[in-house]
Amino acid sequence: MRFGKSKTPDLRGDLDLLLEDLRALLSSADKAADPALTQVRHQLETALGKMRETSAHAVEQSKALVHDADDYLHESPWRAVGGALAVGALLGFMLSRR
């Protein structure tokens, strides 16, 4: 089974859409009339900044992990092949006993 972008929900796009709607709503309201709206807008901007920072950090970490795994497999491919063979043999043995 292949997993593609078309089958997975676009959470980031949905959040961006929601945030844009909230921004439009807060911008259209009379800012001087209610100081609570100013506070909510500030909290929204802060949360958006944190979300983008966290997302960027997660992407960087995952890219680093993929790069490290690629380097390891290029440096010692026989260890990876041996490990995969051992796991496959173990699973085959366990499934054949049933």
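Residues numbered from 1 in each chain as written. Predicted model: local features only at pLDDT ≥ 70, side-chain atom pairs only at ≥ 80, totals over all residues. Heavy atoms only, no water.

Draft legend 1. View of the overall build of the protein chain. A count of helical and extended segments in the protein chain gives three helices and zero strands. Per element, the accessible surface of the protein chain, about 8,700 Å² overall, is 64% carbon and sulfur. (Helix = DSSP H or I, 4+ residues; strand = E, 2+ residues; numbered from the N terminus. Areas by Shrake-Rupley, 256 points an atom, 1.4 Å probe, with all protein chains shown as cover.)

Draft legend 2. Quick peek at the packing of helix α2 (residues 35-75) against helix α3 (residues 77-96). Interhelical geometry of α2 versus α3 gives an angle of 95° and a closest axis separation of 5 Å. Judged by the angle between their axes, α2 and α3 are roughly perpendicular. Taking contact as the criterion, the partners of Y72, L73, H74 and E75 in α2 are, on α3, P77, R79 and A80. Among the residues forming the contact of α2 with α3, the class breakdown is four nonpolar, one polar and two charged. (Axes fitted to C-alpha atoms, helices over the stretch in contact; angles between N-to-C directions. Parallel < 35°, antiparallel > 145°, perpendicular 65-115°, else oblique. Contact = heavy atoms within 4.5 Å. Nonpolar A, V, L, I, M, F, W, Y, C, P; charged D, E, K, R; others polar.)

Draft legend 3. Spotlight on the environment of H74. Position of H74 relative to the elements: it lies in helix α2. In terms of polar contacts, H74 uses its side chain to reach the backbone carbonyl oxygen of D70, at 2.8 Å. (Polar contact = N/O pair within 3.5 Å; in protein donor to acceptor, adjacent residues only side chain to side chain.)

Draft legend 4. Inspection of a nonpolar patch on the surface at higher detail. Residues V87, L90, L91, F93, M94 and L95 make up a contiguous nonpolar surface patch of about 620 Å² in total accessible area. Here L91 is to be found in helix α3. (Patch = residues over 30% accessible without salt bridge, like charges linked within 9 Å, V, L, I, M, F, W, Y side chains within 5 Å. Salt bridge = Lys/Arg side-chain N within 4 Å of Asp/Glu carboxyl O.)

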